[in-house]
Amino acid sequence: MTAADHTGPYRAWTPAAYTFPLPDGHRFPAYKYAGVRDRLSGLLPVLDTPNLSWADAARAHDPLWLRRWRKGEIDRHEERAFGLPWSPEVVERARRAAGGSLAALHDALTVGWGINLAGGTHHAFRDRAEGFCLVNDAAILTRVALDEGLAHRVAILDLDVHQGNGTAALLEHEARAFTLSIHGERNYPFRKERSSLDLGLGDGVTDQQYLHVLHTQALPALDAFRPDVLLYLAGVDVLAGDRFGRFALTLDGVRERNRAVLSWARGAGIPVVTMMAGGYNRDHALTVEAHASVVLDGLDVLT
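As the structure is a prediction and not an experimental result, all values here were calculated from the model.

**Observations regarding unusual backbone geometry**
In this model, Y188 is joined to P189 through a cis peptide bond whose omega is -5 degrees. Of note, P189 is situated in the loop between β5 (177–184) and β6 (197–201). In this structure, F132 takes a positive phi of about 70 degrees despite not being glycine. As for its position among the elements, F132 is in the loop between β3 (113–116) and α7 (137–147). One non-glycine residue, R226, lies in positive phi territory at about 55 degrees. Its location among the elements puts R226 in the loop between α9 (207–225) and β7 (229–233). Classification of R226 by relative accessible area gives exposed; the value is 66%.

**A closer look at the packing of α9 against helix α10 (residues 251–268)**
One can describe the packing of α9 onto α10 by two numbers: an axis separation of 10 Å at closest approach and a directional angle of 15 degrees. As the angle between them shows, α9 and α10 are arranged roughly parallel. For the element pair α9 and α10, the recorded crossing hand is right-handed. Contacts between α9 and α10 pair D207, Y210, L211, L214, H215, L219, L222 and D223 from the former with G253, E256, R257, A260, V261 and W264 from the latter. Residue classes in the contact of α9 with α10 are distributed as 8 nonpolar, 2 polar and 4 charged.

**Details of the nonpolar core**
Ranked by size, the top nonpolar core spans 103 residues in total, and within it I182 and L230 carry the most contacts. Sorting elements by how many residues they give to this core places helix α6 (residues 88–111) first, with 10 residues. The contacts of I182, once residues within four sequence positions are left out, are D158, L159, D160, L199, L201, Y210, V213, L214 and A218.

**What to know about the sheet that holds β7**
Strand order in this open sheet of 8 strands is β2-β1-β3-β8-β7-β4-β5-β6, and the pairing throughout is parallel. Of all the strands in the sheet, the pair left with one neighbour each is β2 (46–48) and β6. Geometrically, the sheet is characterised by an average inter-axis angle of 15 degrees between neighbouring strands, direction not taken into account. Pairing between β7 and strand β8 (residues 272–275): 4 bridges, direction parallel. Its bridge partner being in β8, L231 is matched across the sheet by V273.

**Looking at helix α2 (residues 31–40)**
Along an α-helix, residues three or four positions apart point the same way, because every turn accommodates 3.6 residues. What α2 keeps buried is the set K32, Y33, V36 and L40. End-on, the buried residues of α2 take up no more than an arc of 105 degrees, which puts them together on one face. In this fold, the buried residues of α2 make contact with β1 (12–14), α6 and α11 (284–302). Once α2 ends, the next one or two residues include G42, with phi positive near 95 degrees.

**Thoughts on the side chain of S87**
Locating S87 in the fold gives a position in the loop between α5 (76–82) and α6. Judged by relative accessible area, which is 6%, S87 ranks as buried. A polar contact of 3.0 Å, which involves the side chain of S87, links it to the backbone nitrogen of V90. Discounting residues that sit within four places of it in the chain, S87 has contacts with F20 and P21.

**So, the UniProt feature "domain: Histone deacetylase" (unreviewed entry) in the protein chain**
Look at the UniProt record and you will see "domain: Histone deacetylase" (unreviewed entry) annotated at residues 47–284. For residues 47–284, the helix share is 42%, the strand share is 14%, and the end-to-end C-alpha distance is 23 Å.

**Focus on the packing of aromatic side chains**
Under the defined criterion, the tally for this structure stands at 11 aromatic pairs. With a centroid separation of 5.5 Å and an interplanar angle of 55 degrees, the aromatic rings of F20 and F28 are classed as tilted. Of the two residues, F20 and F28, neither departs from the other in class, the shared state being buried. Considering the side-chain rings of F178 and F225, the 5.2 Å spacing of their centres and the 25 degrees angle between planes classify their relative orientation as stacked. With F178 in strand β5 and F225 in helix α9, this pair connects stretches of sequence that are 47 residues apart. F225 matches F178 in its accessibility class, with the two residues each being buried. Put simply, the rings of F20, F28, Y33, F132, F244 and Y280 pair up and form one aromatic cluster. Directly above the ring of Y280 sits K32, whose terminal nitrogen or CZ lies 5.3 Å from the centroid. Above the plane of the ring of F225 lies R153, whose end atom (NZ or CZ) is 4.1 Å from the centre.

Rules and cut-offs
- Residues numbered from 1 in each chain as written.
- Predicted model: local features only at pLDDT ≥ 70, side-chain atom pairs only at ≥ 80, totals over all residues.
- Heavy atoms only, no water.
- Helix = DSSP H or I, 4+ residues; strand = E, 2+ residues; numbered from the N terminus.
- Buried < 20%, exposed > 50% of the residue type's maximum accessible area, 1.4 Å probe, protein only.
- Axes fitted to C-alpha atoms, helices over the stretch in contact; angles between N-to-C directions.
- Parallel < 35°, antiparallel > 145°, perpendicular 65-115°, else oblique.
- Left-handed = near helix turned anticlockwise from the far one by under 90°.
- Contact = heavy atoms within 4.5 Å.
- Nonpolar A, V, L, I, M, F, W, Y, C, P; charged D, E, K, R; others polar.
- Core = buried A, V, L, I, M, F, W, Y, C linked by side-chain atoms within 4.5 Å.
- Pairing = 2+ DSSP bridges.
- Arc of directions from axis to C-beta.
- Polar contact = N/O pair within 3.5 Å; in protein donor to acceptor, adjacent residues only side chain to side chain.
- UniProt positions renumbered as here; feature names shortened; annotations may be inferred.
- Phe/Tyr/Trp six-rings, centres within 6.5 Å; stacked < 30°, edge-to-face > 60°.
- Lys NZ or Arg CZ within 6 Å of the ring centre and 35° of its normal.

Written as structure tokens, this is what we have:
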């Protein structure tokens, strides 16, 4: 199938044009956003993300806390927990990344699939930033969908190697949301929150072991919940060689995972939003290819 055949009704959103200052050698993988954008160029339209409004951010976050971040009125402990130095640009970048997820939600509800080439900021709490996550896009999208009557039931399938602790905490008491996390039990965050379903795995998980859990536990749980929309955090820090992951999946395993999730959504007739989430492989080219594979696999499965 050619690139022209693939374009169809789909488009992707990226904040790659919006950068922020980082110290030399910082561990944040800024390279991957432009890399994924360029890898997908010509396969489908890739658009600059819109800005998330502060009003939409406040659907999941404390407005006074958001105001302090806007003004830079944070202390060293808060900045350290965030993992990135504060700047007006880093706040803008967080809004742009989440804005891409919200745009992708509307695409999903219109054409069946929405794509954000960023996002998946699942460590952000109501009034706390953690792990490179300032605003929690999955929780914000859930609130928008439920509050505006765009969906009656929202499922968040978090396949980043780290538990989506912020998402779990923000949506713990929302019966219309189902948070499902497959993650490293011994990995960050070391104090886990309670998702609707937590599937914590040991170190060194292989393709076969991971996919067994996905097929026998995760997808049946989604079947039972019967969501109106699926938010899929397609983290690639499950790959062997990731700097912050402890799993041992191959690229083929990640692609089989993607295809299983997207095939499930297609078979169930459920719109799906894909967000990148984490990926910090020592092999930068592998990180980019793995993130791009979510879209490549989606174009095969969903078109």
